[in-house]
Amino acid sequence: MVAPRNSPLATLHMPTTLSGLQKPGHQWAYIADGEPGAIAETLVAFANSDGGWLVLGIDAEGGAGAFVTDDEAADAVRAAERLCRPPVRTVDWQPLAVPGGAGALLRVERSNELHTLEDGRVLVRRGAENTPATGDEITRLLSSRPVGEFELQPIPGATREDLAEEIIDEYLERRQKRSPRQAILPKDKLLQQIGALTEDRTPTVAGMLLFGKDPQFFMPQCRAVFVKFADTQPRGPEGALGYGRREEFTGPLPLIIDRAWRVIWEEMDKRAVVKGLQRQEETEYPSTAVREALVNAVAHRDYRITGRGIEIRMYSDRMEITSPGGLPAHITLDNLVEEHYSRNPRLVNGLYQWGYIEELGLGIDRMIEDMVKAGHPPPKFESPGHRFTVILYNTRDQERAAQPWESNMNERQLKALEYVQQNGFITNSDYRQICPHVGAETLRLDLADMVNRGILLKIGDKRGTRYILK
């Protein structure tokens, strides 16, 4: 195996002599004896942190240890790996010539999984020490690592009878409507294909969350709570600390979404507006934006985090939807719109087939666009620690007065701005049609300039890029 390009170990070379070794530190450790427990502690700490080099058979001063042969060192490492949950695999193994004995140099990569010892301890590397991780650190470690095959893990104690037939049948019906050309498989065969059942017909995490009769019996964290406050602060109708309404939603994920949406719809302010000859009902927030935020929270939360569910808080000026688990993998607040990554790909695909997700990967873009079109500020995204929050503000923009920067815009940019005001957005292709005799790079720089000055907001990427008023 080769170290990943972004790994701190990727730029290091495997030393072949004692003179090439470094002092004990964050990524260097020495174990002179062959005690598997001590080796396991260092393997787990390195795997949970930034990886590192483990030197066996000598101490930090170069003194010989307990190993006489290379086979003894290899046996000790294999015994240590069996004490790790899941096992920590070493990447490189280099024998070292140790005066009076044998030694080895092992390289351990940062793992995509959270590793514990046989006794349940979670260790991380601090300086030259292996130390227990705090509760917050464990949560951050979980939320920063991809879920991997967590969705496919069988639910201990669950049986096929714990899945609701009527919910499965509804899913199959909607799936067939969305993709009519798909082959029709026997029910349990299809459930196995989508990762909802194991080969021995045991429900998996994904199967229980999507189709379970009572998922909360097995996974209590699979729930959502709605709370409405009468003010911009957590206060009730009389002004005292408290709330006006509280609802808790349980059941499989589709029912949680439906029930939560029903309550949010009931609590949103509504007004009648006339557009043309049509009387329409305008809600406090665009319903599409709220549903996107709600579905995203259900689909992308980290279900490994226990003790906390999804929280929906409605204040007088905003709605906050918070899901456990920070941003996954390479996703950051800066690239949230352009990059797409699914923490729970099987749950996402299930909700897509069900019809709760219309187009994969476009939820954030649509949420931003719908909020701005409705006259609201763009959504605000926060990811403090081990949770992710979408904040929708209901304060409408005031009637737009002429802005000082408008006098500094060229004629092409004024045409682009007029086009956005009439059509809701503009693309690079639209801009080229408006200004057919201007080079594509010049037009791209025009749009980039308006983004930098806060006039336009760029959403999407590549061919899906469009610009809306900010």
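Calculation notes
- Residues numbered from 1 in each chain as written.
- Predicted model: local features only at pLDDT ≥ 70, side-chain atom pairs only at ≥ 80, totals over all residues.
- Heavy atoms only, no water.
- 1 Å grid on protein atoms, 1.4 Å probe; cavity = no way out; pocket = protein on both sides within 12 Å on 5 of 7 lines; lining within 4 Å.
- Points joined across faces, edges and corners; volume = space filled by probe spheres on them.
- Nonpolar A, V, L, I, M, F, W, Y, C, P; charged D, E, K, R; others polar.
- Pairing = 2+ DSSP bridges.
- Helix = DSSP H or I, 4+ residues; strand = E, 2+ residues; numbered from the N terminus.
- Axes fitted to C-alpha atoms, helices over the stretch in contact; angles between N-to-C directions.
- Core = buried A, V, L, I, M, F, W, Y, C linked by side-chain atoms within 4.5 Å.
- Buried < 20%, exposed > 50% of the residue type's maximum accessible area, 1.4 Å probe, protein only.
- Contact = heavy atoms within 4.5 Å.
- Salt bridge = Lys/Arg side-chain N within 4 Å of Asp/Glu carboxyl O.
- Expected span 1.5 Å × (residues − 1).
- Polar contact = N/O pair within 3.5 Å; in protein donor to acceptor, adjacent residues only side chain to side chain.

Caption draft 1: Spatial organisation of empty space enclosed by the protein. In total, this model carries one cavity of 30 Å³ or more according to the counting rule given. Space inside the largest cavity adds up to approximately 40 Å³. In terms of lining residues, the largest cavity is bounded by Cys222, Arg223, Ala224, Leu253, Ile256, Val298, Arg301, Tyr303 and Ile310. Taken together, the residues of the lining of the largest cavity break down into seven nonpolar, no polar and two charged.

Caption draft 2: Geometry of the sheet that holds strand S2 (residues 52-56). Strand order in the open sheet formed by four strands is S1-S2-S5-S4, with mixed pairing between adjacent strands. The strands lining the two open edges of the sheet, one partner per strand, are strand S1 (28-31) and strand S4 (90-98). For this sheet, the mean inter-axis angle between neighbouring strands, taken without regard to orientation, is 20 degrees. Taken together, the four bridges between S1 and S2 define a ladder with parallel strand orientation. When the sheet's bridge partners are listed, Trp28 is paired in S2 with Trp53.

Caption draft 3: Representation of unusual backbone geometry in the model. Of note, the amide linkage connecting Arg85 to Pro86 takes the cis form, showing an omega dihedral of -15 degrees. Along the chain, the position of Pro86 falls in the loop between strand S3 (84-85) and S4. Notably, Arg201 is not glycine yet its phi reads approximately 70 degrees, a positive angle. Mapped onto the fold, Arg201 is located in the loop between helix H5 (187-193) and helix H6 (205-211).

Caption draft 4: Inspection of the nonpolar core at higher detail. Ranked by size, the top nonpolar core spans 69 residues in total, and within it Phe211, Ile264 and Tyr303 carry the most contacts. Ranked by the residues each element gives to this core, the list is headed by helix H9 (residues 287-300), at eight residues. Residue contacts for Ile264: discarding those within four places in its chain leaves Phe226, Val290, Leu294, Ile312, Met314 and Met319.

Caption draft 5: The arrangement of the pattern of salt bridges in detail. Under the defined criterion, the tally for this structure stands at 31 salt bridges. Note that Glu369 and Arg466 form a salt bridge whose closest N and O atoms lie 2.7 Å from each other. Of this pair, Glu369 sits in helix H11 (residues 363-373) while Arg466 sits in strand S18 (residues 466-469), and the two are 97 residues apart along the sequence. Assigned by exposure class, Glu369 and Arg466 land together as buried. Notably, a salt bridge pairs Glu441 with Arg444, separated by 2.8 Å at the nearest N-O pair. Here Arg444 and Glu441 lie together in helix H14 (residues 440-452), a separation of three residues that amounts to about one turn. Look at Glu441 and you get partly exposed, because its relative accessible area is 45%. The network of salt bridges with shared partners includes Arg160, Glu165, Asp169, Lys187, Asp188 and Arg201.

Caption draft 6: The arrangement of helix H1 (residues 36-48) in detail. The end-to-end C-alpha separation of H1 is 18 Å, in line with the 18 Å expected for 13 residues at 1.5 Å each. Within H1 the residues assigned to the buried category are Ile39, Ala40, Thr42, Leu43, Val44, Ala45, Phe46, Ala47 and Asn48. Capping of H1 at its N-terminal end is provided by Glu35; its side-chain oxygen lies 3.0 Å from the backbone amide nitrogen of Gly37.

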